[in-house]
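# Notes for the structure review
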Amino acid sequence: MSTMDVRYQPETIEPAVQRAWDQAHAFRAVEDPSRQKFYCLSMLPYPSGKLHMGHVRNYTIGDVLTRYHRMNGKSVLQPMGWDAFGLPAENAAIANGVPPAAWTYDNIAYMKGQLQQLGFALDWEREVATCQPDYYRWNQWLFLRMLELGIAYLKTGTVNWDPVDQTVLANEQVIDGRGWRTGALIEKREIPMYYLNITRYADELLGALDSLPGWPERVKLMQANWIGKSVGVRLAFPYSLGGKAEKLWVFTTRADTLMGATFVAIAAEHPLALELALQQKEAKPALAAFIEECKHGGVTEAELAVQEKKGVDTGFTVEHPLTGAALPVWIGNYVLMAYGDGAVMGVPGHDERDFAFALKYGLKIQQVVSVPDGAYDATTWRESYGSKAERCVNSGAYDGLAYAPAVDAIARDLAAQQLGEKKVQWRLRDWGISRQRYWGCPIPIVHCKTCGAVPVPDAQLPVVLPEGLAPDGSGNPLNRCDPFVKVDCPKCGQPARRETDTMDTFVDSSWYFLRYCSAGAPTMVDARAKYWMAVDQYIGGIEHAILHLLYARFWTKVMRDLKLVTVDEPFTNLLTQGMVLNHIWSRKPAEGRVQYFNPSEVEPKRDAAGQIVGGTLRADGGPVTFEGLGTMSKSKNNGVDPNELVERYGADTVRLFMMFASPPEQTLEWSDAGVEGSSRFLKRVWKLVHAHLAPGAAPALAVATLSEPQRALRRAVHATIAKVGDDIGRRTHFNTAVAALMELVNTLIDFDDNTPQDRALMQEALEHLTLLLQPFTPHLSQALWTALGGRGLAIDAAWPKADPAALARDEIELVVQVNGKLRGSIRVPVAADRATIEAAALANADVLRFTAGKPPKKVVVVPGRLVNVVI
C-alpha cells in the first residue's frame, strides 16, 4: 500500500500517470496471433487548431472501449493521425499570409498535446498526417494502378467555376449562385477531370450493406439511397434534325405512365439544347439566354430540389415512341446532364414536379393511371396521383394493367421497335477526384505535347508537393511554380508540364485505417494489415454516413481486388455519436450583424419551472436573447474550451461527464452543473479510498464466513461488475455503466467498515471499483490502484469478473399484488416451490388487509417476479 494525499489533486496526479504510461510505452499496439485483436478507431480529425467537445466525446468513447477490451485480454490498436490536406488550410493561408503547411503542422502539434493531456490510450508510434509525402505517395501509387485497370480515367466534367478566384468550388461553397468568398457569379464549366469508376462496384456496395449488422440501420439506408438502384426502362423519343434521324433517350422507373407523356425536358448542357440554341440564335435568343442562366444554377439533385423550376420551350418536337404524337421539347433547369441521359419525359399527370411545371407553363396534363376515389382533378396535386398501386387508364392497349405488367408490356413493345429496353440504373455517379487547388495530393500525371497524359513512373514517386507556397486567392499557385510544373516527359524526355490538379481529400481518408496497421512499411500495406483488419469499432459523426464511408468501402474493395488486403469491408461495427449542444445567446444591434455571446458570459433568467426565459450579459447588464440549444460552433460562440475544463477540473472529470451525460448515439446537452457533479463524484471516490487506507492494511478476505450484510455488499459489488462489463462491451451504453458505478460508491460509503472482515471486504470492493473506473477515469484509477497496493499499471490488470457465488441469493423478494394492484412484498427461499410461494403471499399482512378474509379465486405466480392474488 502507498500513502495518498487527503485531497484529490488531478493537476498533480494526471501528469505523473501520463509520464508512467510514456515510460512504459503502455499504448504500443502489438500483433500477437495468440490473442484476439480489437481495432478501435475514431474518424480522422482535421487539424483545425483546437479540439472541440465533439472531438473529446468521440475520442473518449473510443478510449473507453479500447481500455475495456485490453483489460479483457485482447491485443488492441487505437491509433491517431491527421486529415491534413484541404481547403480550410488554404483559407487560413490567405487570411494569415502563411503557407498552409506551416499552419497545419502548428495545429497538429497543439492538438496532439491536447489529446495527450486527456489521457487517451493512443499508439502515437503509428501516427500519420495525410500531407506528408510518405503517406500520400501511396495515394499516387494506387491511383496509377487504378489507371492501369481503367478504374481511374479522364473525362470532361461540369464544375462550379469562380471566375475571380480562378478555381473550382464545391457545391456547399456556392451560395445563391455566388462564390462564398468572392461573391462572384459562379459559372458552370466543362473541364477535363480524373474520375474513379466507383459505379463498377455499385452492386456490391449496395448488396454488402446486408453483411453489416453492426452498422446503424439509418446509415445503411442513407448509403442505399445514395447508391440508388433503380429498375426501369430506357426509352427513346425519335426526332429528325438537319435531315438526320436521331433518338432522344430517357430513363424512367414509371414506364407504365408513358402514355401520359405530354412533353420532354432536357438539361441546358444537353447536345440537343446546344444545337437548337445555335440554330435559333437569331430567331429565338431566349434559348441561349436561358442556357447561360442555367450555368449559374446548382449542379446537384439536392440543390435542384429546392430551387424554382424554370424552363423554356425550344419550339422543337420529338415523337412519342408508341403513338407517334408530337411532344414539345423544353429546356429545364431541374434536369441534370450528369444524371442518366440528361433528359426526362414529362408526365405531369403522375409526377409532382412535372405537374407543377405543367401548371406553370400551361402544358397538357393527362391522367393515365386510376386514382383510389376515381376522381382526378388536374388543378390540384394529390399524393395518390403518384401511386404505383393502381391500374392504367386512357392508355389504349395497356388499360387495366397493373404497374408491373404494364411496364413489361410497354418495354416489350418498345424493344420490338428498337426504341427501348428494361434496364438497371444507379443514382451513384463516378467519383471526380480532380481539384484545382494547391493544398492536396498531386495527381501523378505529366502532360507532354507528343505523348499526351503520361503516368509518373513508380520509381519517381512520390510527386512531392512544394510546401512553401502561400495561396493568395488568385488561383492555384502550383500553376506559377516552375520548379514543380516544368518537367521532362517520362516517356520521350522532351520538356513537359506536370499536372497541377490535386486529389479530392476524401482520397486521403479512404484508406488511412490501413496505413495505421502498416505504419512505416516500405509498401502501401504489409502483413500486419491482415492481423488488424477489419476495424472492429469505428466511431464518428453521422455527417460522414454517406461519402466518407462509401469511398472507404470502395477503396477497400479496389485494394482487395489488387490482392493488397483480404477483407471485403473495412468497418465491422459503426457508432455514430450524437452532437454536443449548448445554449445560444445573441443580441441584435440596431445596425450591424447579430452578436453571439458565450454562455459563460451570460446570467440566465428562469421561470418558476426552471425554464430559461431570458438573460443578461454579465459585462454590461444588458439583455440578451436566448435562442435555445444548438450544436457547439464557432459561429454561434457557444463552444466550451476543453483546455480550460482540464485545467479547472482535470481530464478525468471531463471524460466522465462526457460519458455520463447521455447515451453515445444521442445528443449531449452541455451542463456546467453536470461537470461539477462529475468532479464531486471523483472527490468522493478519492475520499472513500483514503478513509479505507488510513487505518492500515486490510486482512485477507474469508468469503465463507461472511455475514448476511457482508454478503449483500459483496453481491452489490459483483452485480456492478457484471452490469458495467455488459454496458461497455455489449450495449455500449456508457452512461448507465457510470450510473451503476455511482450507485456502488453510495453503497460503499453507507457500509459500516468496523470489523477486520469488513475491511477485507472493502479492500476487495475498492480494488474492483478502481479497475471498473479505468476506462472512464484512467488517471484516478491508476493513482488509486497504486495506493491500494496494485502492481504495475492498472490498464495491464485483468478486467474484474463477477463471481457467480457472490451473486447467488438464499432468498428472493417478490412483489405481491391483489387484483393487479401493488400491495406489498414477500421474501421466500430461492428454491421455494409454487405452494410455498402461494402460502407466503396469502399469509402476508398487507394481502390479508386487502382481501378482508375473502378466499382467493386464483393465485398467479410469475417466477422470480411477482404474485397476484385474485379475489
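Above this text you will find the structure in question.
Here's a quick rundown of the structure. All values derive from a computational prediction rather than experimental measurement.

### Observations regarding the pairing of strand β12 (residues 263-266)
Neither face of β12 is exposed, since Phe-263 and Ala-265 on one face and Val-264 and Ile-266 on the opposite face are all buried. With four bridges joining them, β12 and strand β15 (residues 343-346) adopt antiparallel strand pairing. From the neighbouring strand, Val-264 faces β15, where its bridge partner is Met-345. Pairing between β12 and strand β14 (residues 326-332): three bridges, direction parallel.

### Considering helix α3 (residues 87-96)
Among the residues of α3, those classed as buried are Leu-87, Ala-89, Glu-90, Ala-92 and Ala-93. Those residues of α3 that are buried are in contact with α4 (100-117). Looking one or two residues beyond α3, the residue adopting positive phi is Gly-97, at roughly 70°.

### A look at the packing of aromatic side chains
Taken as a whole, this structure holds 33 aromatic pairs when the rule is applied. Between Trp-330 and Tyr-361, the aromatic rings sit 4.9 Å apart at their centres with planes inclined by 50°, giving tilted as the arrangement. In this pair, Trp-330 sits in strand β14 while Tyr-361 sits in helix α11 (residues 352-361), placing the two residues 31 residues apart along the sequence. What makes Trp-330 buried here is its relative accessible area of 7%. Given a relative accessible area of 27%, Tyr-361 falls into the partly exposed group. Here Phe-513 and Phe-571 contribute two aromatic rings whose centre-to-centre distance is 4.9 Å and whose plane-to-plane angle is 70°, an arrangement assigned as edge-to-face. Within this pair, whereas Phe-513 is found in helix α14 (residues 512-517), its partner Phe-571 is found in the loop between α16 (547-561) and β25 (574-577), the two being separated by 58 residues in sequence. Using a relative accessible area of 0% as the deciding quantity, one classes Phe-513 as buried. Put simply, the rings of Tyr-201, Trp-431, Phe-506, Tyr-551, Phe-554 and Trp-555 touch in pairs and so form one group of aromatic residues.

### Remarks on the sheet that holds strand β6 (residues 167-169)
As summarised here, the arrangement of the four strands in space is β6-β5-β9-β17, forming an open sheet in which the pairing is antiparallel. In this open sheet, the two strands that pair with only one neighbour each are β6 and β17 (431-432). Summarising the sheet, strand β9 (residues 187-196) and β17 pair through two bridges and their orientation is antiparallel. When the bridges of β17 are listed, Tyr-195 appears paired with Gly-432.

### Looking at the pairing of strand β30 (residues 623-631)
Direction of pairing for strand β26 (residues 580-587) relative to β30: antiparallel, over a ladder of five bridges. Residue pairing for β30: Ser-586 is matched across the bridge by Thr-625. Two successive antiparallel strands, strand β29 (residues 612-617) and β30, enclose a turn made up of five residues, where Gly-621 displays a positive phi of approximately 75°.

### Structural notes on unusual backbone geometry
For the bond running from Leu-461 to Pro-462, omega is 0°, close enough to zero to count as cis. Inspection of the secondary structure assignment puts Pro-462 in the loop between β20 (452-455) and α13 (482-485). In this structure, Ala-534 follows Met-533 across a cis peptide bond, with omega equal to 5°. Relative to the helices and strands, Ala-534 is located in the loop between α15 (528-532) and β24 (537-541). In this structure, Asn-394 is a non-glycine residue whose phi angle is positive, near 50°.

Conventions adopted
Residues numbered from 1 in each chain as written. Predicted model: local features only at pLDDT ≥ 70, side-chain atom pairs only at ≥ 80, totals over all residues. Heavy atoms only, no water. Buried < 20%, exposed > 50% of the residue type's maximum accessible area, 1.4 Å probe, protein only. Helix = DSSP H or I, 4+ residues; strand = E, 2+ residues; numbered from the N terminus. Pairing = 2+ DSSP bridges. Contact = heavy atoms within 4.5 Å. Phe/Tyr/Trp six-rings, centres within 6.5 Å; stacked < 30°, edge-to-face > 60°.

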